[in-house]
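Residue-level structure breakdown
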Amino acid sequence: MSIEQLNSENPIGIFDSGIGGLTVVKAIQAALPSERLIYFGDTARVPYGPKSQVTIRKYAADDTAILMRYQPKVIIVACNTVSALALDVVEKSCGNIPVIGVLKSGAKLAVEWTNNNRIGVIGTQATVCSNAYACAINQLDPDIEVISQACPLFVPLAEEGFINHPVTKLVAEHYLGEIRKQDIDTLVLGCTHYPILRQVIEETIGGGIHIIDSAEAVALRTRELLSESGLLNRSGKASVPHLLVSDLPQKFSMLYQLFMGSELPDVDLVEV
């Protein structure tokens with residue numbers, strides 16, 4: 001299906017490796033309450049961060065194929081690891097359907113916010129090793145220094161719902177202790193799971209630092225794109241998201257309620 005055949009009633013497709021992309025769902029619902037949302041969380045294969053690039057690219061194609069069954073008018077890659085290493089795979093799988101990745105949106109917002117040109121980025125091992133954030137930020141402003149730190153245990157902690165757990169605080173101190181000394185004034189949460197742990201991250205990193213949550217940037221970019229293409233849903237009717245997971249729907253339901261603080265839609269199990 002080409003974008004010319006779509007209309008405003010077609011859904012927005014969003015995928016992530018697990019529950020992290022719910023941060024994007026929340027931001028989209030706030031910015032675009034009338035839009036229909038299809039969300040796929042690949043809970044059978046989370047986390048993506050420690051996997052090889054070959055595996056991540058295969059997963060990206062699988063995830064996109066699942067969402068394409070629902071004829072989305074746009075696909076949002078709510079996974080920074082896929083945004084860093086396999087955005088081209090998603091774009092190829094989508095044909096003419098527009099694709100929005102969280103990475104570029106977050107990088108743009110960070111450049112706009114920094115005053116001292118020192119930006120910290122935290123993300124998965126794969127995202128940090130790809131250097132994609134530093135490249136995206138330096139394309140916009142080559143004078144900015146980017147200090148990156150991989151925080152691989154944040155994803156499993158978020159997936160377990162350990163939002164304020166003492167273990168999370170210890171892990172945050174371990175990861176963020178060094179970056180805290182680097183005189184950054186802006187910190188990019190370079191993984192959509194990380195806003196789930198935002199309170200602990202903010203407490204550990206200290207005051208006076210701008211926290212960049214790329215979910216909010218993606219929501220603004222999505223509204224712009226749909227407005228430009230005449231595909232904004234103006235029905236005024238709020239709809240609950242259609243949720244798909246590849247494993248453990250009951251656990252996903254529990255974490256959805258914990259994080260979203262709202263009534264739970266049905267969660268469908270799909271095979272990848």
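To start, this report covers the structure provided alongside it.

With that out of the way, let us pick up helix α9 (residues 166-179). Between its terminal C-alpha atoms α9 stretches 20 Å, which fits the 20 Å expected from 14 residues at 1.5 Å a residue. Buried within α9 are the following residues: T168, V171, A172, Y175, L176, G177 and I179. Close packing links the buried residues of α9 with β5 (118-123), β6 (145-150), α8 (154-159), β7 (186-190) and α10 (198-205).

What follows deals with the environment of C135. Mapping C135 onto the fold places it in helix α7 (residues 132-140). In this structure, the C-alpha to C-alpha distance between C135 and V146, residues 11 residues apart in sequence, is 9.2 Å.

On to the side chain of T124, then. Along the chain, T124 falls in the loop between β5 and α6 (125-130). Side chain to side chain, T124 and T81 meet in a polar contact 2.9 Å long. Beyond its immediate stretch of four places on either side in the chain, T124 contacts G49, T81, A150, V155, C191 and Y194.

A few words now on the pairing of strand β3 (residues 74-77). By the alternation rule, side chains of β3 split into V74 and I76 and I75 and V77, which are all buried. Pairing between strand β1 (residues 12-16) and β3: four bridges, direction parallel. Residue pairing across strands places F15 opposite V77, the latter belonging to β3. Sheet analysis places β3 next to strand β4 (residues 99-101), joined by three bridges and oriented parallel. Of the residues in β4, the one forming a bridge with I76 is I100.

Conventions adopted
- Residues numbered from 1 in each chain as written.
- Predicted model: local features only at pLDDT ≥ 70, side-chain atom pairs only at ≥ 80, totals over all residues.
- Heavy atoms only, no water.
- Helix = DSSP H or I, 4+ residues; strand = E, 2+ residues; numbered from the N terminus.
- Expected span 1.5 Å × (residues − 1).
- Buried < 20%, exposed > 50% of the residue type's maximum accessible area, 1.4 Å probe, protein only.
- Contact = heavy atoms within 4.5 Å.
- Polar contact = N/O pair within 3.5 Å; in protein donor to acceptor, adjacent residues only side chain to side chain.
- Pairing = 2+ DSSP bridges.

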